[in-house]
Amino acid sequence: ELKVEQNPLFLSMQEGKNYTIYCNYSTTSDRLYWYRQDPGKSLESLFVLLSNGAVKQEGRLMASLDTKARLSTLHITAAVHDLSATYFCAVVWRGSNYKLTFGKGTLLTVNP
Amino acid sequence: DGGITQSPKYLFRKEGQNVTLSCEQNLNHDAMYWYRQDPGQGLRLIYYSQIVNDFQKGDIAEGYSVSREKKESFPLTVTSAQKNPTAFYLCASSISLEETQYFGPGTRLLVL
């Protein structure tokens with residue numbers, strides 16, 4: 001059974017600071033997604049990572065994938081208040097018929 | 001303007017009542033999905049459909065039923081057998097099971 005663990009689950013940081021969210025998973029992956037969710041809203045796809053060593057960047061967010069370590073990271077650079085949201089990683093594995101398995105999410109609060 | 005619509009935005013269920021949540025997409029996607037989200041949790045898969053007239057149980061199908069009579073539509077019925085239905089329900093679709101899922105705006109179900 002595929003398990004996905006995120007940490008930390010809660011993250012409070014000051015504007016201008018850097019931090020990293022970690023996503024570990026228990027089996028091989030075919031692809032890994034990072035999603036953002038604002039309170040009471042739907043999920044927005046941020047990144048899809050397909051292969052070992054993949055790195056994607058959009059603005060102040062950068063995601064990377066290490067398939068050998070079964071680890072993905074979401075790095076936040078010089079955080080701003082607009083980044084406050086819940087961030088989910090989700091893993092797809094052909095062994096589970098390509099179903100998305102989600103982590104519990106990281107609630108990020110960026111304080112002025 | 002392509003996208004996924006869900007209705008209603010809020011739904012109230014009385015004890016012993018079945019209720020149906022609507023999900024429609026005009027993206028010409030073959031695959032559609034239903035997820036349940038509880039506070040502070042990741043998403044859990046209820047049912048998914050790879051193609052019209054076919055659907056599969058996800059991880060938490062008990063107390064729910066679906067149909068897929070048209071490519072564009074994948075309604076979810078929450079039956080009286082679901083004893084704890086209060087949650088945020090998200091519908092998603094993708095070109096195929098292997099491809100990125102896109103999410104609708106969600107329906108919040110509350111029990112009276």
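About the criteria used
Residues numbered from 1 in each chain as written. Chains lettered and ligands numbered in written order. Predicted model: local features only at pLDDT ≥ 70, side-chain atom pairs only at ≥ 80, totals over all residues. Heavy atoms only, no water. Helix = DSSP H or I, 4+ residues; strand = E, 2+ residues; numbered from the N terminus. Rg over C-alpha atoms; globule rule 2.2 N^0.38 Å. Buried < 20%, exposed > 50% of the residue type's maximum accessible area, 1.4 Å probe, protein only. Pairing = 2+ DSSP bridges. Axes fitted to C-alpha atoms, helices over the stretch in contact; angles between N-to-C directions. Contact = heavy atoms within 4.5 Å. Buried area = accessible area lost by both parts, 1.4 Å probe. Salt bridge = Lys/Arg side-chain N within 4 Å of Asp/Glu carboxyl O. Polar contact = N/O pair within 3.5 Å; in protein donor to acceptor, adjacent residues only side chain to side chain.

Undergrad: Whenever I open this one, the overall build of chain A confuses me. Can you help?
TA: Per the secondary structure count, chain A includes 0 helices and 11 strands. Secondary structure elements in chain A, listed N-terminal to C-terminal, are β-β-β-β-β-β-β-β-β-β-β. The C-alpha atoms of chain A give a radius of gyration of 13 Å, which matches the 13 Å a tight globule of 112 residues would have. Expressed along its principal axes, the backbone C-alpha trace of chain A runs to roughly 45 × 30 × 20 Å. For chain A, the proportion of its 112 residues judged to be buried stands at 46%.

Undergrad: Even after reading the chapter, I still don't get the sheet that holds strand 3 (residues 19-25) of chain B, so can you show me in this structure?
TA: Each strand in a sheet pairs with its neighbour through backbone hydrogen bonds, running either in the same direction (parallel) or in the opposite one (antiparallel). All names here are of chain B. Taking strand neighbours across the sheet as the criterion, the 4 strands line up as 1-3-8-7 in an open arrangement whose pairing is antiparallel. Pairing within the sheet leaves two strands with one partner each, and these edge strands are strand 1 (4-7) and strand 7 (64-66). If you compare each strand with its neighbour and ignore which way they point, the axes differ by 20° on average. Two strands pair when backbone bridges link them, and strand 7 and strand 8 (residues 76-78) are joined in this way by 3 bridges, in the antiparallel orientation.

Undergrad: Which parts of the structure should I look at to understand the interface of chain B and chain A?
TA: Facing 20 residues of chain B, the contacting portion of chain A comprises 17 residues. With both chains or domains summed, chain B and chain A bury close to 1,600 Å², and 51% of this area falls on carbon and sulfur atoms. In this structure, the salt-bridge partner of Glu99 of chain B is Arg31 of chain A, at a minimum N-O distance of 3.9 Å. Our enumeration of links across chain B and chain A arrives at 7 residue pairs in polar contact (both at pLDDT 80 or more). Of all elements in the fold, only strand 4 (31-37), strand 5 (43-51) and strand 9 (87-94) of chain B reach the threshold of two or more residues within the side of chain B that touches chain A.

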